[in-house]
Amino acid sequence: CGAPTEFLWVFLDEAKEAVAGKPFRTRVLARDARGRQARPSDCDALRVDLGLSGKARLSTATSPRAWRGSELDLVIENEMAEIVQAEVRIESPDTTADVLLHTSQIRFTSGPAHHFNLDLRPRNQGRQFT
């Protein structure tokens, strides 16, 4: 394991398609210069931010600081069907190092209905017959 030099942002669920109202699981993978898992202690020092457009937000169940080894889970939630612009920003504690940006577009489709009303009335309601 070496210092992180390469980062992959992968979508764990169906390719770039999410469902409104359901968590969309993503993961950042840190790799060293040889493509191996990066050194976990170096990953812990990285600062990661996630920017999202629209109504999307990072799940409260995940933290952009909670690396597990060389992997960081980022779960995105959205209650609205929309296309979201997402950007992962990775900063090193070394102030001379470049900031890395990974951008992607995530399409949140309509989820199942949570509630609906059906109002039935007789056809002749309100009419009087003589």
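Report follows, based on the coordinates. (Residues numbered from 1 in each chain as written. Predicted model: local features only at pLDDT ≥ 70, side-chain atom pairs only at ≥ 80, totals over all residues. Heavy atoms only, no water.)

This brings us to the overall build of the protein. Counting its secondary structure elements, the protein contains one helix and eight strands. Shown N-terminal to C-terminal, the secondary structure of the protein runs as helices and strands in the order β-β-β-α-β-β-β-β-β. Evaluated residue by residue, the protein yields a buried proportion of 30% over its 130 residues. Sequence separation of 24 or more characterises 63% of the internal contacts of the protein that already satisfy a separation of 6 or more. Within the structure as shown, the protein displays about 8900 Å² of accessible surface, and the carbon and sulfur contribution to it stands at 48%. (Helix = DSSP H or I, 4+ residues; strand = E, 2+ residues; numbered from the N terminus. Buried < 20%, exposed > 50% of the residue type's maximum accessible area, 1.4 Å probe, protein only. Contact = heavy atoms within 4.5 Å. Areas by Shrake-Rupley, 256 points an atom, 1.4 Å probe, with all protein chains shown as cover.)

The next thing to look at is the packing of aromatic side chains. Summed over all chains, the structure comprises three aromatic pairs. A ring pair is formed by Trp9 and Phe11, whose centres lie 5.4 Å apart and whose planes are at 75 degrees; its orientation type is edge-to-face. The same class applies to Trp9 and to Phe11, which are both buried. Measuring from centroid to centroid gives 6.3 Å for Phe24 and Phe108, while their planes differ by 65 degrees, and the two rings are edge-to-face. In this pair, Phe24 is assigned in strand 3 (residues 24-31) and Phe108 in strand 8 (residues 100-109), connecting sequence segments 84 residues apart. On the basis of relative accessible area, Phe24 is assigned to the buried category, the value being 1%. According to the relative accessible area criterion, Phe108 is buried, its value standing at 2%. (Phe/Tyr/Trp six-rings, centres within 6.5 Å; stacked < 30°, edge-to-face > 60°.)

Ordered in space as 1-3-6-5, the four strands form an open sheet in which the pairing is antiparallel. Because the sheet does not close on itself, it has two edges, and the strands there are strand 1 (6-11) and strand 5 (57-58). Pairing geometry for strand 1 and strand 3, over six bridges, is antiparallel. Note that in strand 3 the partner of Phe11 across the bridge is Thr26. (Pairing = 2+ DSSP bridges.)

The topology assignment puts Ala66 in the loop between strand 5 and strand 6 (71-77). Sequence spacing of Ala66 and Asp44 is 22 residues, and the spatial spacing of their C-alpha atoms is 7.7 Å. Here Ala66 is in contact with Glu71 and Leu72, once residues within four sequence places are set aside.

Relative to strand 7 (residues 82-91), strand 4 (residues 47-52) runs antiparallel, the two sharing six bridges. Residue Asp49 lies in a different strand from strand 7, and its bridge partner there is Arg89.

Counting residues in hydrophobic clusters, the biggest one holds 23 residues, and the most contacted among them are Val28, Trp67, Val88 and Ile106. Non-local contacts of Val28, meaning those with residues more than four positions away in its chain, are made with Phe7, Leu8, Trp9, Trp67, Ser70, Glu71, Leu72, Leu74, Val88 and Ile90. (Core = buried A, V, L, I, M, F, W, Y, C linked by side-chain atoms within 4.5 Å.)

Just geometry here; none of it tells us what the structure is for.
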